[in-house]
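Structural features, examined
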Amino acid sequence: MPPLPTSRKILVTGATGKQGGAVIEALIASKAPFQILALTRNASKAQSLASKPNVTVVEGDILNPTAIFEANKPIYGVLSVTVPGKEGAEEAQAKPLIDESIKNGVEHFVFTSVERGGNENSEKNPTNVAHFASKHRIEEYLKENSGNGSKMSYTILRPVAFMDNLSPGFYGKAFASMWGGLGDTPLQLISVHDIGLFGARAFTDPSFKNREIGLAGDELTLSQAQKVFKDTLGQDLPETYGFVGSGIKYMVSEVGTMFKWFKDVGYGVDIQALRKEEPRLQNLSTWLKESSKFPKE
Ligand SMILES: NC(=O)c1ccc[n+]([C@@H]2O[C@H](COP(=O)([O-])OP(=O)(O)OC[C@H]3O[C@@H](n4cnc5c(N)ncnc54)[C@H](OP(=O)(O)O)[C@@H]3O)[C@@H](O)[C@H]2O)c1
């Protein structure tokens, strides 16, 4: 591929969060000559991003993309990360950004969605999990509008559950407890680090244009994960009582619906094919060693 001009700007939403942060790290590591615009609602919280090479912290609210484009155009590429909230929240974060991107001549738009049971199912099936369905509606909107006479191409990344949910501390233990409720049904997992790799490739590799791609690097039951954890780090996976997981699923009904979907349908990424395409793809063991926050001796 010929070298890209350094002036190309990529707007990264969710820059202070997990996926946006990982895409920024991977873009920097790729040495692709982009200027990265790291969006946050509060620049004073993003000091560590400001010191990274090729990163400019941009203060703004994704709910008002017009102001972001006015202050920073021309923008070559956009990474869109949405955060679930009350009904319509994710669409409000993504659809005006898609419209504004097309209006302002953005060339490539990357949306981080969620996997919904294999490529074909993911395309057709919103599922009964509300934040999966809102992402499906955004995907449809992106495909419809980018193909509609605009020059904007897209990549839809569809990650499965994050390995990083297994963080040290209460949240990680609660996730393990909910996972345990799946019994013998395995769960597919992806590291946030690898979402970053694919996010960066979406902007640098032309074969990612107009592509929808499920992302998973491992598939395990909780008892298999416990063994991997022990074998890799020489300690037990931190856990809490099973009733904590069932209590959360009961109290937060959407979480309950999602775990029921994991049991009844489940993610459907072809991990072997993805690893052929990206040999750096982490499994749980390599993530624990290379990227997790668990102490390594
Ligand atoms: N956890 C999983 O296993 C999993 C699996 C698949 C998909 N997902 C999806 O991943 C998404 C969350 O991604 P994440 O974990 O990377 O997010 P995260 O770490 O929670 O970070 C959220 C980011 O969104 C930004 N943000 C929120 N509202 C904003 C606004 N109005 N304007 C500008 N920025 C705003 C925040 O930035 P500031 O506060 O700095 O403004 C923050 O950087 C969810 O949609 C979830 O469904 C999660």
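The rules we used
- Residues numbered from 1 in each chain as written.
- Predicted model: local features only at pLDDT ≥ 70, side-chain atom pairs only at ≥ 80, totals over all residues.
- Heavy atoms only, no water.
- Near = heavy atom within 4 Å.
- Polar contact = N/O pair within 3.5 Å; in protein donor to acceptor, adjacent residues only side chain to side chain.
- Areas by Shrake-Rupley, 256 points an atom, 1.4 Å probe, with all protein chains shown as cover.
- Helix = DSSP H or I, 4+ residues; strand = E, 2+ residues; numbered from the N terminus.
- Nonpolar A, V, L, I, M, F, W, Y, C, P; charged D, E, K, R; others polar.
- Core = buried A, V, L, I, M, F, W, Y, C linked by side-chain atoms within 4.5 Å.
- Buried < 20%, exposed > 50% of the residue type's maximum accessible area, 1.4 Å probe, protein only.
- UniProt positions renumbered as here; feature names shortened; annotations may be inferred.
- Salt bridge = Lys/Arg side-chain N within 4 Å of Asp/Glu carboxyl O.
- Pairing = 2+ DSSP bridges.
- Axes fitted to C-alpha atoms, helices over the stretch in contact; angles between N-to-C directions.
- Contact = heavy atoms within 4.5 Å.
- Right-handed = clockwise from strand over helix to strand, strands pointing away.

On to the site of the ligand. Around the ligand sit 26 residues, and of these Thr16, Thr40, Arg41, Asp61 and Thr82 come closest. The contact in question runs from an oxygen atom of the ligand to an N or O atom on the side chain of Thr40, over 2.6 Å. Here an oxygen atom of the ligand sits 2.8 Å away from a polar atom, N or O, in the side chain of Asn165. Within the complex, 83% of the 940 Å² of free accessible area of the ligand lies under protein. Within the residue set of the shell around the ligand, elements represented by two or more residues are helix 1 (18-30), strand 2 (35-40), helix 6 (130-146) and strand 7 (161-162). Classifying every residue of the shell around the ligand gives 11 nonpolar, nine polar and six charged.

Counting residues in each nonpolar core, the largest one holds 67 residues, and the members touching the most others are Leu166, Trp179, Leu187, Phe262, Tyr267 and Leu284. The greatest single-element share of this core, amounting to six residues, is contributed by helix 8 (residues 192-204). With 20 residues, the next largest nonpolar core counts Ile62, Ile98, Phe109 and Leu142 among its residues.

UniProt records the feature "domain: NmrA-like" (unreviewed entry) at residues 7-272, using the numbering of this structure. For the annotated span residues 7-272, helix accounts for 46% and strand for 17% of the residues, and the straight-line distance between the end C-alpha atoms is 37 Å.

Within the structure shown, the criterion is met by 18 salt bridges. Of the charged contacts, one joins Arg201 and Asp205 as a salt bridge, the two residues approaching to 3.2 Å between their closest N and O atoms. The salt bridge partner of Arg201 is Glu278, with a shortest N-O separation of 3.1 Å. Of this pair, Arg201 sits in helix 8 while Glu278 sits in the loop between helix 12 (271-277) and helix 13 (284-290), and the two are 77 residues apart along the sequence. One network of salt bridges, with partners in common, ties together Arg116, Glu139, Lys143, Arg158 and Glu212.

The next subject is the sheet that holds strand 6 (residues 153-159). Taken together, the seven strands give an open sheet; going across it, the order is 3-2-1-4-5-6-9, and neighbouring strands pair in parallel fashion. Here the strands that pair on one side only, and so sit at the sheet edges, are strand 3 (55-59) and strand 9 (211-215). Averaged over all pairs of adjacent strands, the angle between strand axes in this sheet comes to 20°, irrespective of strand direction. Strand direction decides the pairing type here: strand 5 (residues 108-112) and strand 6, joined by five bridges, are parallel. Each bridged residue has a counterpart across the sheet, and for Thr112 the counterpart in strand 6 is Leu157. Contacting strand 5, strand 6 and strand 9, helix 6 crosses the sheet at an angle of about 165° to strand 6.

Here strand 8 (residues 187-190) shows a buried face lined by Leu187 and Leu189 and a second buried face lined by Gln188 and Ile190. Following the chain from strand 7 across helix 7 (residues 170-180) to the adjacent parallel strand 8, one finds a crossover that is right-handed. The pairing of strand 8 with strand 10 (residues 218-220) spans three bridges and is antiparallel. Among the inter-strand pairings, Leu187 is bridged to a residue of strand 10, identified as Leu220.

On to the sheet that holds strand 7, then. The strand order 7-8-10 describes an open sheet built from three strands, whose pairing is mixed. Single-partner strands in this sheet number two, and they are strand 7 and strand 10. Direction of pairing for strand 7 relative to strand 8: parallel, over a ladder of two bridges. Among the inter-strand pairings, Ala161 is bridged to a residue of strand 8, identified as Leu189.

What follows is about unusual backbone geometry. Here the bond from Lys73 into Pro74 is cis, since omega is 5°, no more than 30 degrees from zero. At Lys31, a residue that is not glycine, the phi angle is positive and equals roughly 60°. Tracing the backbone through its elements, the reader meets Lys31 in the loop between helix 1 and strand 2. Owing to a relative accessible area of 70%, Lys31 belongs among the exposed residues under this scheme.

So, on to the pairing of strand 9. For strand 9, the buried fraction is high: four of the five residues fall into the buried class. By the bridge criterion, five bridges tie strand 6 to strand 9 in an arrangement that is parallel. From the neighbouring strand, Pro159 faces strand 9, where its bridge partner is Leu215.

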